[in-house]
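Read off the chains here:
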4 protein chains.
Amino acid sequence: MHLANDPAAPATPEWVLTLSCPDRPGIVHAVSGVIAGLGGNITESQQFGSPVTGRFYMRVQVALPGTPDDGADALRDALARVVAEFDLTWDLDRVGRAVPTVIMVSKEAHCLNDLLFRQRAGDLPLDVVAVVGNHPDLAGLATFYGVPFHHVPVTRDTKPEAEAELLRIVESTGAELVVLARYMQILSDELCVRLAGHVINIHHSFLPSFKGARPYHQAFERGVKLIGATSHYVTGDLDEGPIIEQEVERVDHTRNPAELVALGQDVERRTLARAVRWHAEHRVLLDGLRTVVFR
Amino acid sequence: MHLANDPAAPATPEWVLTLSCPDRPGIVHAVSGVIAGLGGNITESQQFGSPVTGRFYMRVQVALPGTPDDGADALRDALARVVAEFDLTWDLDRVGRAVPTVIMVSKEAHCLNDLLFRQRAGDLPLDVVAVVGNHPDLAGLATFYGVPFHHVPVTRDTKPEAEAELLRIVESTGAELVVLARYMQILSDELCVRLAGHVINIHHSFLPSFKGARPYHQAFERGVKLIGATSHYVTGDLDEGPIIEQEVERVDHTRNPAELVALGQDVERRTLARAVRWHAEHRVLLDGLRTVVFR
Amino acid sequence: MHLANDPAAPATPEWVLTLSCPDRPGIVHAVSGVIAGLGGNITESQQFGSPVTGRFYMRVQVALPGTPDDGADALRDALARVVAEFDLTWDLDRVGRAVPTVIMVSKEAHCLNDLLFRQRAGDLPLDVVAVVGNHPDLAGLATFYGVPFHHVPVTRDTKPEAEAELLRIVESTGAELVVLARYMQILSDELCVRLAGHVINIHHSFLPSFKGARPYHQAFERGVKLIGATSHYVTGDLDEGPIIEQEVERVDHTRNPAELVALGQDVERRTLARAVRWHAEHRVLLDGLRTVVFR
Amino acid sequence: MHLANDPAAPATPEWVLTLSCPDRPGIVHAVSGVIAGLGGNITESQQFGSPVTGRFYMRVQVALPGTPDDGADALRDALARVVAEFDLTWDLDRVGRAVPTVIMVSKEAHCLNDLLFRQRAGDLPLDVVAVVGNHPDLAGLATFYGVPFHHVPVTRDTKPEAEAELLRIVESTGAELVVLARYMQILSDELCVRLAGHVINIHHSFLPSFKGARPYHQAFERGVKLIGATSHYVTGDLDEGPIIEQEVERVDHTRNPAELVALGQDVERRTLARAVRWHAEHRVLLDGLRTVVFR
């Protein structure tokens, strides 16, 4: 976690604490006690007890006195006692910190353009450290936004080397998030496991409808009246990862598959941008195969 | 088709002509020529040439001089020539005629209540001639709206007799439409064929997601962020009939399956009411396994 | 507040506590301490600090051990200390309690029908104790649902007497909520003040667009592409009360004012039902002229 | 109208004919007769008779045999007879022709970025011939997309010169459309009249709510639950021009004005892109102060 000052940070430093633990009475009181003990002020707080997994999830934003680093250290120390008592799994980050991110693309530009534009506009807390394409088509767009572009072609034979190169880029840039912005390649099981919870994909259908290839053509064949997009965490189980966000758009009988593709691009980029934002703001927590999204 | 005057009819009698034929130049000119020749005025007109089936579809509303019956007879006669030339399949009805309809239900009231209320409010061109329930629960609701209720229980053993009774009710009432308003029973292939194109179902999911039983529970398990409903024509292929209308509603991680059911009921009744209205207004035409909906 | 057992109540009795106070650190810790001290378990909790008014708002659902009455009494007593320290304004109710409600109507049935149907379906925690109409048209609908109907005509001259009669009905039935379900009469300033925060109206436009009379005709004249409805608390300032919920529906140039009215009815009833549910579930808190809605 | 071949044109040349005239029987037959007489095939057709103005509107796409220029000339000649008989006002263009367009901006990039990206992606039939900014901030973005950028500052004193310069740019580039993509300057009445029907604006509210300055702040003050955007033709009557498209997005009490601005940008660009596309495809016709949109 890098703590350098960045312009998106609020004037008073704020911290976002996310945690989960087995659900039982007293958690909120214990956590709010830690915060109150440090003179912190809760500026946003959400909780959820999952009836399916029996776990409790919490996201809390805190304004803390002191310098940024001091505040975080004090909070970490004070949490230690509660962690043991409630068996907490937790994470702490500065609100507004730009998450180092690698975006992977193929030939289609709409999602990449949207993410880069929003990032530059200060509308997404990302620091896009690299764009990786299995085709060179989008190098110019990345360059316009000042982001290094890596052309890493993939064939059946070169997939292991390509994934090794991808991992090298992720690790050398310190990336904490990989966004598949219409990458169109399936990651190996090993890579999925290695980056679990840190890779977000956009699938161009309203899952679980129309898994697999050419979903707009499938949607056309079935004659649906709404098309959609789904952003989800990537797991080894293709198109089955935990869903973060979904969105739909109305269509009618006059639309051919090519028009569905064009209409769908708008839905895809909105859906992906929302999922990426919520992830970067630590609003998405995993509850088994489902997500808790504290919007 | 009954031509008696009813209060929903516009002051000047209007007719709705729907037709389809192999697509080729000159159809619109020929049909509009027939209408112009009778001094008719087109008040609404929509066309669609399907690239998949190569067929042309048209729906046209016409204000015709003369008494209602005369006008329709003249139009029928004048169309004869065009029918032969273009190999037309066609249908003619009076705008606003209340379509004799049987509604089939089980125990859940929300769709039935919605359809009966809209009908009484003059908001749906239906004449609900009977409500058939495999349970007696909704008899009171039907009675309140002055509609005869038939309790026709169905078990595995009595299904043939029950369907025979249903058919008898449909035929004796002159019903032209059967609406499965959360009927929860699967019709036999024979009945599906016999009533093909005249039975509309509401499925409580966004098809093709979550076919079959307990779709809201399936949706909960998968963690989707939108739930939906689908209204479609019933065919022997369960949940695969041509889709007329779909709608969705946003949900989040806090909703349990029971709450999804409750939220979904609102979506179901809106979706079904729209599909039924469009069918009754002759706005839905079949184009292979897909529908053309002239909204 | 009546505490009699009703079927909508959860198996383990739960309580909903809503509160507001000047915003400062430590509130959540103090309130959660009271709950933890009683062995209560928080099942749902939401907070909001308003930057405009500087006030803090909280809604918390708690499962408490002991019999229903004992639990509530203990919670009330334990809160006393916190109330003084933080200057709390608070309210306590049993989760699922049916709120005694008077619905006021004129001639249009769609909102009344919707509320009564949802209530009977167990989908709205209301106990509709009376329907009051300035016209007699909807007496039959009220009767079907077993609710007493009072015909209280209003003319310019009889308005004071009519409002006195309304107040008498509200007080004699113990109603805690008055819903104007397309009542079409303006309440006097005196009545608005007297029932402040307890009267919910549905306005048939997307406020602040098209205040006043015949909003669908105004919307038609302006050529808008979406029509809407707004549910709000009633204040002496007509159509300016705090907004609880709004919804819209797409329309196009083919819709005449009568069709906008029909389409709008669907939006109105959904919007009103949501606002009434949220109010009855203590999810709506007033923050100056705006509402905090803990959905 | 330029008829040079461009890549967006379909393989078989198609023409789009839009027309309006006083409504009376026989128009469709006459127009379709002209088309049939040339051996043309109607690929898309929509009609509307306005009950308010008594005028009839039609948009028809036609595939015509022959070279592009020959086809259009033949259609023009053949229409002459019908024009006189029905008092037609009409326009003819090639389907897919890129409309020469000037985009005017101030400092905010989201609408410009969206339009330029969509144009390059082949998703908008525009030929953006110039970007004009009263501030220089967006020059880099225009340059990236290969579009000349003109910095034309405007002060109260220099407004006439600035508008003269704008007109010069419009005329020298042959622009047929001017898009105010968050231009933030009010055009003079003279310019509005001169370019009437050819200037599209995006207003950042759901008109007629929140006319004038800082609409998101107005929306925040009023506590609305949906924010919106409106794209309309520019007239001398500020924010009162004919509406082409509107869209909304749900918000809640947690959103401050700055967040409403950010959320609204997404709505603005979608709304503007749709309005511009429909205009460029000749789908928008003026019916008094309202628009007919043949989507």
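Quick caveat: nothing in here was measured; it's all calculated off a predicted structure. (Residues numbered from 1 in each chain as written. Chains lettered and ligands numbered in written order. Predicted model: local features only at pLDDT ≥ 70, side-chain atom pairs only at ≥ 80, totals over all residues. Heavy atoms only, no water.)

**What about the domain arrangement of chain A?**
All names here are of chain A.
Move 1: When its domains are assigned, chain A resolves into domain 1 (14–94) and domain 2 (99–293).
Move 2: Measuring from the centre of the C-alpha atoms in domain 1 to the corresponding centre in domain 2 gives 31 Å.
Move 3: Interface of domain 1 and domain 2: buried area, both sides summed, is about 880 Å²; carbon and sulfur atoms make up 52% of it.
Move 4: Counting the contacts that link domain 1 with domain 2 gives one salt bridge.
Move 5: A salt bridge links E44 to R283; the nearest nitrogen and oxygen atoms lie 2.8 Å apart.
Move 6: At the junction of domain 1 and domain 2, the tally comes to eight residue pairs in polar contact (both at pLDDT 80 or more).
Move 7: For the side of domain 1 that touches domain 2, the secondary structure elements donating two or more residues are β1 (14–22), β2 (41–49), β3 (55–63) and β4 (89–94).
Move 8: The leading source of residues in the side of domain 1 that touches domain 2 is β3, at four residues.
Move 9: For the side of domain 1 that touches domain 2, the residue count by class is six nonpolar, five polar and four charged. (Domains from an automatic or database assignment. Buried area = accessible area lost by both parts, 1.4 Å probe. Salt bridge = Lys/Arg side-chain N within 4 Å of Asp/Glu carboxyl O. Polar contact = N/O pair within 3.5 Å; in protein donor to acceptor, adjacent residues only side chain to side chain. Helix = DSSP H or I, 4+ residues; strand = E, 2+ residues; numbered from the N terminus. Nonpolar A, V, L, I, M, F, W, Y, C, P; charged D, E, K, R; others polar.)

**Some remarks on the environment of L19 of chain B**
All names here are of chain B.
Move 1: Relative to the helices and strands, L19 resides in strand β1 (residues 14–22).
Move 2: A sequence separation of 64 residues divides L19 from V83, and the C-alpha atoms of the two residues are 9.5 Å apart.
Move 3: The residues contacting L19, other than those within four sequence positions of it, are V31, F56, Y57, M58, L88, T89, W90 and L285. (Contact = heavy atoms within 4.5 Å.)

**Description of the side chain of H110 of chain B**
Move 1: When you line up the elements, H110 of chain B lands in helix α3 (residues 110–120).
Move 2: Its relative accessible area of 3% is what places H110 of chain B among the buried residues.
Move 3: Non-local contacts of H110 of chain B, meaning those with residues more than four positions away in its chain, are made with R182, Q265, E268 and R269 of chain B together with F117 of chain C. (Buried < 20%, exposed > 50% of the residue type's maximum accessible area, 1.4 Å probe, protein only.)

**Section: the pairing of strand β11 (residues 243–250) of chain C**
All names here are of chain C.
Move 1: For β11, the buried fraction is high: seven of the eight residues fall into the buried class.
Move 2: Pairing of strand β10 (residues 226–233) with β11, which is carried by seven bridges, proceeds in the antiparallel orientation. Bridge pairing in β11 places S231 opposite E245. (Pairing = 2+ DSSP bridges.)

**Remarks on the UniProt feature "active site" (unreviewed entry) in chain A**
Move 1: Taken from the UniProt record, the annotation "active site" (unreviewed entry) applies to D239 of chain A.
Move 2: Position of D239 of chain A relative to the elements: it lies in the loop between β10 (226–233) and β11 (243–250).
Move 3: Assessed through its relative accessible area of 7%, D239 of chain A is described here as buried.
Move 4: Contact partners of D239 of chain A, with chain neighbours within four places excluded, come to H203, L207, K211, G212 and H232 of chain A together with R222 of chain B.
Move 5: One polar contact links the side chain of D239 of chain A to the main-chain amide nitrogen of G212 of chain A, over a distance of 2.9 Å. (UniProt positions renumbered as here; feature names shortened; annotations may be inferred.)

**Concerning the interface of chain B and chain A**
Move 1: Each partner contributes residues to the interface: chain B has 34 residues there, and chain A has 34 residues.
Move 2: Considering only the side of chain B, the residues that lose the most area to chain A are R222, H253 and R290 of chain B, jointly responsible for 25% of the buried surface there.
Move 3: The tally of links from chain B across to chain A stands at six salt bridges.
Move 4: For E240 of chain A, the salt bridge goes to R222 of chain B, with nearest N and O atoms at 3.5 Å.
Move 5: Going through the elements one at a time, α7 (215–222), β11 (243–250) and β13 (290–293) of chain B are the ones with two or more residues in the side of chain B that touches chain A.
Move 6: Top element by residues in the side of chain B that touches chain A is β11 of chain B. It accounts for seven residues.

**A word on the relation of the copies chain B and chain A**
Move 1: Mapping chain B onto chain A calls for a screw motion: a turn of 180 degrees about the axis and a shift of 0.0 Å along it, with 0.0 Å RMSD after fitting. Between the two chains, the operation in question is that of a two-fold axis. By C-alpha distance to the rotation axis, the residue of chain B lying nearest is S209 of chain B, at 2.4 Å.
Move 2: A symmetric contact is evident, with 100% of the interface residues of chain B recurring at the interface of chain A. (Least-squares fit on C-alpha atoms with pLDDT ≥ 70 in both.)

**A closer look at the sheet that holds β11 of chain B**
All names here are of chain B.
Move 1: Here we have seven strands laid out as an open sheet, ordered β7-β6-β5-β8-β9-β10-β11, and mixed in their pairing. Edge positions in the open sheet fall to β7 (149–151) and β11, since each of these has one partner strand only. Averaged over all neighbouring strand pairs, the angle between strand axes comes to 20 degrees, with direction disregarded.
Move 2: Where strand β5 (residues 99–105) lies against strand β6 (residues 126–133), seven bridges are found, and the strand directions are parallel. Across the sheet, the residue bridging to T101 is V128, located in β6. (Axes fitted to C-alpha atoms, helices over the stretch in contact; angles between N-to-C directions.)

**Here we look at the sheet that holds strand β7 (residues 149–151) of chain C**
Residue and element names in this part refer to chain C.
Move 1: Pairing is mixed across the open sheet formed by seven strands, whose spatial order is β7-β6-β5-β8-β9-β10-β11. The two strands at the open ends of the sheet, each matched to only one other strand, are β7 and β11. Direction aside, neighbouring strands of the sheet carry axes that sit 20 degrees apart on average.

**What to know about the packing of aromatic side chains**
Move 1: Using the criterion set out here, one finds eight aromatic pairs over all chains in the structure.
Move 2: Ring geometry for F144 of chain A and F144 of chain D: centres 4.0 Å apart, planes at 15 degrees, overall stacked. Here F144 of chain A is found in helix α4 (residues 139–144), whereas its partner F144 of chain D is found in helix α4 (residues 139–144) on a different chain.
Move 3: Cluster of aromatic residues (ring-pair linked, three or more members): F144 and Y145 of chain A together with F144 and Y145 of chain D.
Move 4: Residue placement shows R120 of chain B over the ring face of F144 of chain B; its charged tip is 5.2 Å from the ring centre.
Move 5: Its guanidinium or amino end placed over the ring of F220 of chain A, R290 of chain B lies 3.8 Å from that ring's centre, counting from NZ or CZ. (Phe/Tyr/Trp six-rings, centres within 6.5 Å; stacked < 30°, edge-to-face > 60°. Lys NZ or Arg CZ within 6 Å of the ring centre and 35° of its normal.)

**Brief notes about the interface of chain D and chain B**
Accessible area lost upon the coming together of the parts is a frequently used measure of interface size.
Move 1: On the chain B side, the residues contacting the twelve residues of chain D number twelve residues.
Move 2: Viewed at the interface, chain B and chain D are joined by zero salt bridges.
Move 3: Linking chain D to chain B there are eight residue pairs in polar contact (both at pLDDT 80 or more).
Move 4: Contributing elements (two or more residues each) for the side of chain D that touches chain B: α1 (27–37) and β2 (41–49) of chain D.
Move 5: No other element matches the five residues that α1 of chain D contributes to the side of chain D that touches chain B.
Move 6: Taken together, the residues of the side of chain D that touches chain B break down into four nonpolar, seven polar and one charged.

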